[in-house]
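# Topology and contacts: notes
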Amino acid sequence: MKPVKVGICGLGTVGGGTFNVLKRNAEEIARRAGRGIEVAQIATRQPNPKCDTGSISITDDVFAVANNPEIDIIVELIGGYTLALELVLKAIENGKHVVTANKALIAVHGNEIFARAREQGVIVAFEASVAGGIPVIKAIREGLAANRINWLAGIINGTGNFILTEMREKGRAFEDVLKEAQALGYAEADPTFDVEGIDAAHKLTILASIAFGIPLQFDKAYTEGISRLTTADVNYAEALGYRIKHLGVARRTDAGIELRVHPTLIPADRLIANVNGVMNAVMVNGDAVGSTLYYGAGAGMEPTASAVVADLVDVARALTTDPNNRVPHLAFQPDSLSAHPILPVTACESAYYLRIQAKDHPGVLAQVATILSERGINIESIMQKEAEVHDGLVPVILVTHRVIEQRIDEAISALETLDDVVDKVVRIRVEQLN
Ligand code: HSE
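My aim in this report is to walk through the structure given alongside it, one point at a time.

So, how was this worked out
- All residue numbers here refer to positions counted from 1 along the written sequence of the relevant chain.
- A pLDDT threshold of at least 70 governs which residues receive local features in this predicted model, and a stricter bar of 80 or more applies before side-chain atom pairs are shown or counted, although totals over entire chains, interfaces and linings include all residues.
- As a convention, hydrogens and water are excluded, and side-chain values are obtained from all of the structure's heavy atoms.
- Pairing of aromatic rings covers Phe, Tyr and Trp, the last through its six-membered ring, and needs centres within 6.5 Å; plane angles under 30 degrees mean stacked, over 60 mean edge-to-face, and all others mean tilted.
- The numbering of helices and of strands both runs from the N terminus, where a helix is a DSSP run of H or I of at least 4 residues and a strand a run of E of at least 2.
- Note on exposure labels: buried denotes an accessible area under 20% of the residue type's maximum, exposed denotes more than 50%, and partly exposed covers the range between, all computed with a 1.4 Å probe on protein chains only.
- Counted as over-ring charges are cases with an Arg CZ or a Lys NZ within 6 Å of the ring centre that also lie within 35 degrees of the ring normal.
- An expected span of 1.5 Å times one less than the residue number is assigned to each helix.
- Any two residues whose heavy atoms approach within 4.5 Å are treated as being in contact.
- The nearness test applies per residue and asks whether one of its heavy atoms lies within 4 Å of the molecule or strand.
- Under this definition, polar contacts are N or O atom pairs within 3.5 Å; protein pairs additionally need one hydrogen-donor-capable and one acceptor-capable atom, and for neighbouring residues in sequence, both atoms have to be side-chain atoms.
- Accessible areas in this description were obtained via Shrake-Rupley with a 1.4 Å probe; residue shielding takes into account the shown protein chains only.
- Amino acids are sorted into nonpolar (Ala, Val, Leu, Ile, Met, Phe, Trp, Tyr, Cys and Pro), charged (Asp, Glu, Lys and Arg) and polar (every other residue, Gly among them).
- A fitted line through C-alpha atoms serves as each axis, taken over the contacting stretch for helices, and the angle formed by two N-to-C directions is quoted from 0 to 180°.
- An angle below 35 degrees is read as roughly parallel, one above 145 as roughly antiparallel, one from 65 to 115 as roughly perpendicular, and any other as oblique.
- Handedness of a crossing follows from how the near helix is turned relative to the far one, being left-handed for an anticlockwise turn of less than a right angle and right-handed for a clockwise one.
- For two strands to count as paired, DSSP must find a minimum of two bridges between them.
- One side-chain nitrogen of Lys or Arg within 4 Å of one carboxyl oxygen of Asp or Glu is enough to make a salt bridge.

What follows covers the packing of aromatic side chains. In total, this model carries two aromatic pairs according to the counting rule given. For the pair Phe-114 and Phe-126, a centre-to-centre distance of 5.4 Å together with 35° between the ring planes defines the contact as tilted. One end of the pair, Phe-114, is in helix α5 (residues 103–120); the other, Phe-126, is in the loop between β6 (124–125) and α6 (136–143), with 12 residues separating them in the sequence. Plain terms: the ring middles of Phe-162 and Tyr-186 are 5.7 Å apart, the flat faces sit at 80° to each other, and that makes the pair edge-to-face. Here the residue Phe-162 occupies a position in helix α7 (residues 158–170), and Tyr-186 occupies one in the loop between α8 (174–183) and α9 (192–195), the gap between them amounting to 24 residues. Exposure class is identical for Phe-162 and Tyr-186. Each is buried. The lysine or arginine in question, Arg-141, covers the ring of Phe-126, its NZ or CZ lying 5.7 Å from the ring centre.

In a regular helix each residue adds 1.5 Å, so 12 residues correspond to 16 Å; helix α14 (residues 405–416) covers 16 Å between its end C-alpha atoms and thus fits that length. Of all the positions in α14, only Glu-405, Ile-408, Ala-411, Ile-412, Ala-414 and Leu-415 are classed as buried. Lining the buried residues of α14 we find β13 (349–359), α13 (364–374), β15 (393–400), β16 (403–404) and β17 (421–430).

Neighbouring residues of the ligand: Lys-103, Asn-157, Gly-158, Thr-159, Tyr-186, Ala-187, Glu-188, Asp-194, Asp-199, Lys-203, Gly-298 and Ala-299. At a separation of 2.7 Å, an oxygen atom of the ligand approaches a polar backbone atom of Gly-158. In the model, an oxygen atom of the ligand is placed 2.6 Å from a nitrogen or oxygen of the Thr-159 side chain. Out of a free accessible area of 260 Å², the ligand has 93% covered by protein chains. Of all elements in the fold, only α7 and α10 (198–212) reach the threshold of two or more residues within the shell around the ligand. Looking at the shell around the ligand residue by residue, the class counts come to three nonpolar, four polar and five charged.

With respect to the helices and strands, Thr-205 occurs in helix α10. Relative accessible area serves as the criterion here: at 2%, Thr-205 is assigned to the buried category.

Moving on: the packing of α5 against α10. Two numbers describe how α5 lies on α10: the axes approach to 8 Å, and their chain directions differ by 55°. In terms of orientation, α5 and α10 fall into the oblique class. Both α5 and α10 take part in a crossing whose hand is left-handed. When α5 is examined against α10, the residues Lys-103, Ala-104, Ile-106, Ala-107 and Val-108 are found in contact with a partner set consisting of Asp-199, His-202, Lys-203, Thr-205 and Ile-206. The residue inventory of the contact of α5 with α10, partitioned by class, reads five nonpolar, two polar and three charged.

Note on placement: Val-261 falls in strand β10 (residues 257–267). On the accessibility criterion, Val-261 (0% relative accessible area) is buried. C-alpha separation for the pair Val-261 and Ile-226, spaced 35 residues apart in sequence, amounts to 10 Å. Every residue in contact with Val-261, bar those within four places of it in the chain, is listed here: Gly-197, Ala-200, Ala-201, Leu-204, Tyr-222, Thr-223, Glu-224, His-246, Leu-247 and Gly-248.

With parallel pairing, six strands are arranged side by side in an open sheet as β3-β2-β1-β4-β5-β6. One side of each edge strand has no neighbouring strand; the edge strands of this open sheet are β3 (57–59) and β6. As paired elements, strand β1 (residues 4–9) and strand β2 (residues 37–43) share six bridges and run parallel to each other. If you follow Cys-9 over to β2, its bridge partner there is Ala-43. Packed on one face of the sheet, helix α12 (residues 301–318) meets β1, β2, β4 (73–76), β5 (97–100) and β6 and runs near 160° to β5.

Before going further, it helps to examine the pairing of strand β9 (residues 242–252). In terms of residue burial, β9 counts as a mostly covered element, since 10 of its 11 residues are buried. One ladder, built from four bridges, connects strand β7 (residues 149–155) with β9; its direction is antiparallel. Across the sheet, the residue bridging to Trp-151 is Arg-251, located in β9. Summarising the sheet, β9 and β10 pair through 11 bridges and their orientation is antiparallel. By the bridge assignment for β10, Ala-250 is matched with Leu-259. Hairpin connection of β9 to β10: four residues between the antiparallel strands.

Another aspect to go through is the environment of Gly-110. You can see Gly-110 is positioned in helix α5. Residue Gly-110 is classed as buried on the basis of its relative accessible area, which comes to 0%. The spacing of Gly-110 and Asp-72 is 38 residues in sequence and 21 Å in space, taken between C-alpha atoms. Sequence-distant contacts of Gly-110, defined by excluding residues within four places in its chain, comprise Leu-105 and Leu-216.

Turning our eyes to something else, we now look at the pattern of salt bridges. Opposite charge on two side chains makes pairing possible when the charged atoms of those side chains draw close. A complete count under the given rule lists 35 salt bridges for this structure. Salt-bridge contacts for Glu-258 lead to Arg-260; the nearest nitrogen and oxygen are separated by 2.8 Å. Using a relative accessible area of 2% as the deciding quantity, one classes Glu-258 as buried. With relative accessibility at 1%, the residue Arg-260 sits in the buried group. Here Glu-405 makes a salt bridge to Arg-427, at a shortest N to O gap of 3.5 Å. Within this pair, whereas Glu-405 is found in helix α14, its partner Arg-427 is found in strand β17, the two being separated by 22 residues in sequence. Among the residues examined, Glu-405 registers a relative accessible area of 4% and is labelled buried. Here the salt bridges share partners, and the residues they tie into one network are Arg-251, Glu-258, Arg-260, Glu-349, Arg-402 and Glu-431.

Here it is as structure tokens:
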């Protein structure tokens with residue numbers, strides 16, 4: 001059978017990795033796909049010294065690739081929203097299949113892209129957009145197709161996890177670790193996407209859609225980053241038996257779907273609490289299968305290329321199949337997507353870690369306990385660090401039982417009006433993940 005012709009747009013970290021994996025494993029890949037997968041053209045603004053592109057046609061114009069009649073599949077690895085969207089829509093209009101690693105593009109414009117792709121009968125595959133090399137989209141969309149998914153929770157930003165790990169294990173400074181993540185090619189072009197949780201929210205939006213069968217709704221995701229975390233909270237969490245991770249959580253409730261990214265205390269003995277460095281992990285809980293865990297490299301040249309190439313193999317196998325009988329883009333049939341709403345964060349339920357900076361006076365703990373109990377908030381554990389009294393102030397650290405966020409907001413407002421409480425109360429959500 002004739003080889004499938006591929007055009008790679010973007011020869012940076014992931015593009016370069018994709019090119020090299022396709023070349024190195026060409027024979028093995030052809031045995032799997034049933035035909036060769038051949039790079040026919042590459043669009044890049046500059047050559048990648050790690051890639052020996054030989055006589056392959058190179059252009060700096062991505063649309064030359066999208067309009068190249070020889071090419072069957074466009075691999076979009078340029079990132080960003082604007083040019084990438086134009087490129088993908090042009091490729092679809094030209095009847096080409098698309099493989100992309102662009103989570104921002106799928107999370108924000110995916111509904112439109114998939115609608116156009118359906119009209120044209122083409123595939124848009126995006127495994128590499130979430131959790132790098134971990135085939136978690138395939139696992140949820142196909143492997144767990146029997147289940148009603150209850151919730152999923154994941155460490156889905158490698159850069160953020162790398163920063164948290166290096167800070168906790170080696171006491172390194174935030175900025176210093178971020179620079180290393182950039183040098184290693186893990187970080188986004190704008191690294192605030194990593195540290196402020198935007199990248200994780202893109203990925204969570206995608207996971208939630210394929211888990212619950214809802215349209216992509218990135219604008220409704222609650223997003224909180226790791227830049228305000230302090231070493232003190234990391235250490236107090238440890239003392240309470242928890243580890244702080246930057247987690248994306250999507251949970252189905254009767255009222256709606258929780259979609260939230262934030263630093264989270266997780267019991268230190270959970271497997272996911274021990275996922276370190278650039279590694280990612282996603283827990284998915286289904287009604288039939290129970291809890292499952294997917295683990296692997298969340299970023300980097302060849303791990304991400306692994307997912308891109310797997311999509312290319314899938315597309316190559318599906319080229320001759322009936323477009324109406326392919327795996328739906330968002331796992332559920334497009335006319336069966338649910339309108340179950342995304343909940344505002346104030347309606348989400350979680351347990352909470354609170355750090356209250358209090359004056360070292362008798363009766364402070366009683367006042368704190370009263371404010372919480374008046375709002376129906378149960379305290380699970382409390383720790384007052386007498387040893388750390390500075391300037392007459394003592395940190396009071398407590399963990400609550402699960403409660404609706406609005407109640408905690410009200411309690412924090414009341415705590416902050418107490419004469420004996422100084423500074424803002426620090427609040428970090430807690431998930432048991434059991
Ligand atoms: N910046 C992303 C991360 C790259 O660190 O996870 C992979 O999506």
